[in-house]
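Okay, here's what each chain looks like letter by letter:
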Amino acid sequence: MISSNISNEALDIFRKGLAHFITFDDTEWTEFISHLNYKVIKKRDHFSVKDKVCNDIGFIVNGSVRYYHVKDGIEITGYFSFENEFVSSYKSFLTQHPCTGYIQALEQTGLILISRKNMDLMLNHPLLGYKMERFGRLVAEHYICCYEDRITSFITETPEERYLKMLETTPEIMQRVPQHYVANFLGITPVSLSRIRKRTLIYA
């Protein structure tokens, strides 16, 4: 990982992304950004790895990551995150227990980071404590909703329906993510994904 200062452009993007969870007045914002870091993860490098504690919540300014586990030597992709989304092994971040999976950059990815140490400092800060407590709760709720949606899709939808919904929410995914990762995410083989793509194009 390569550390650097946070640009004003990156901070503006982050502030707009945070507005879905919490907002700051100018005094609070000045204090808040003093607790942030910025890092660039090179393509194929990892944000977090199995058996190590994840000490950061990241906000993706640019780039993308995939979440995956390894079973019997095979990588199983479970999720992707792109620009303006948060990324973390959140259970590990909260409990300080080691991660059970991996988060890897699919492209060179710029991240604004909140470390566990700085989160604790802000939670105990008289100016920021209430809002950071709210932020933590809302991020946890967001993760729970994403997890429930993911489980529900595998129970109630066909692979083709999951594929079409994925294109609806993230239309650029097939240009940015290798096809075998997408197939794995959908719970099918690359051959099945190719067939679905051809079939949906015919009926489009």
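Residues numbered from 1 in each chain as written. Predicted model: local features only at pLDDT ≥ 70, side-chain atom pairs only at ≥ 80, totals over all residues. Heavy atoms only, no water.

A.B. asks: Give a description of the overall build of the protein that names residues and reports values.
C.D. replies: Looking only at helices and strands, one finds nine helices and nine strands in the protein. Taken over the C-alpha trace, the protein has a radius of gyration of 18 Å; the compact-globule value for 204 residues is 17 Å, and the two agree within 12%. Expressed along its principal axes, the backbone C-alpha trace of the protein runs to roughly 55 × 35 × 30 Å. When burial is assessed residue by residue, the protein has 41% of its 204 residues classed as buried. A total accessible area of about 11700 Å² is found for the protein, and carbon and sulfur atoms account for 53% of it. Here the protein contributes 24 positive and 24 negative side-chain charges, whose respective centroids are spaced 7 Å apart. (Helix = DSSP H or I, 4+ residues; strand = E, 2+ residues; numbered from the N terminus. Rg over C-alpha atoms; globule rule 2.2 N^0.38 Å. Buried < 20%, exposed > 50% of the residue type's maximum accessible area, 1.4 Å probe, protein only. Areas by Shrake-Rupley, 256 points an atom, 1.4 Å probe, with all protein chains shown as cover. Lys, Arg positive; Asp, Glu negative; His and termini not counted. Charge placed at Lys NZ, Arg CZ, Asp CG, Glu CD.)

A.B. asks: Could you give an account of the pairing of strand β5 (residues 65–71), with specific residues and numbers?
C.D. replies: Bridge count for β5 against strand β6 (residues 74–81) is seven bridges, and the pairing is antiparallel. Counted as the bridge partner of Y68 is T77 from β6. Count of turn residues in the β5/β6 antiparallel hairpin: two residues, of which D72 carries a positive phi of about 55 degrees. (Pairing = 2+ DSSP bridges.)

A.B. asks: Describe the pattern of salt bridges, and please don't skip the residues or the numbers.
C.D. replies: Counting across every chain of the model gives 11 salt bridges. Across the salt bridge formed by E75 and R66, the nearest N and O atoms sit 2.4 Å from each other. With relative accessibility at 38%, the residue E75 sits in the partly exposed group. In this structure, E157 engages K165 in a salt bridge whose closest nitrogen and oxygen atoms are separated by 2.5 Å. When its relative accessible area of 18% is taken as the criterion, E157 is described as buried. Judged by its relative accessible area of 41%, K165 is partly exposed. (Salt bridge = Lys/Arg side-chain N within 4 Å of Asp/Glu carboxyl O.)

A.B. asks: Talk me through the side chain of S92; I want residue IDs and the actual numbers.
C.D. replies: By the secondary structure assignment, S92 is in helix α3 (residues 90–95). The residues contacting S92, other than those within four sequence positions of it, are K52, V53, C54, H97, P98 and C99. (Contact = heavy atoms within 4.5 Å.)

A.B. asks: Any details on helix α4 (residues 116–123)? Residues and values, ideally.
C.D. replies: For α4, the set of buried residues is N118, M119 and M122. The buried residues of α4 all sit within an arc of 105 degrees when viewed along its axis, so they share a single face. (Arc of directions from axis to C-beta.)

A.B. asks: Report on unusual backbone geometry, specifying residues and quantitative values.
C.D. replies: Phi at R44 takes a positive value of approximately 80 degrees, unusual for a residue other than glycine. Relative to the assigned elements, R44 resides in the loop between β2 (37–41) and β3 (46–48). The class of R44 is exposed, set by a relative accessible area of 57%. A positive phi angle, close to 70 degrees, is found at N84, a residue other than glycine. Inspection of the secondary structure puts N84 in the loop between β6 and β7 (86–87).

A.B. asks: Can you lay out the packing of aromatic side chains for me, pointing to particular residues and giving the numbers?
C.D. replies: Overall, the coordinates contain 16 aromatic pairs when judged by the stated rule. Each ring, one from F14 and one from F59, has its centre 4.9 Å from the other, and the planes form 50 degrees; the classification is tilted. Of this pair, F14 sits in helix α1 (residues 8–18) while F59 sits in strand β4 (residues 56–62), and the two are 45 residues apart along the sequence. Between F24 and F32, the ring centres sit 4.6 Å apart and the planes meet at 20 degrees, which makes this aromatic pair stacked. Taking the relative accessible area as the measure of exposure, F32 reaches 0% and is therefore buried. Across the ring face of Y181, the terminal group of R66 is positioned such that the distance to the ring centre comes to 3.9 Å. Lying over the aromatic face of F93, R116 brings its terminal NZ or CZ to 6.0 Å of the ring centre. (Phe/Tyr/Trp six-rings, centres within 6.5 Å; stacked < 30°, edge-to-face > 60°. Lys NZ or Arg CZ within 6 Å of the ring centre and 35° of its normal.)

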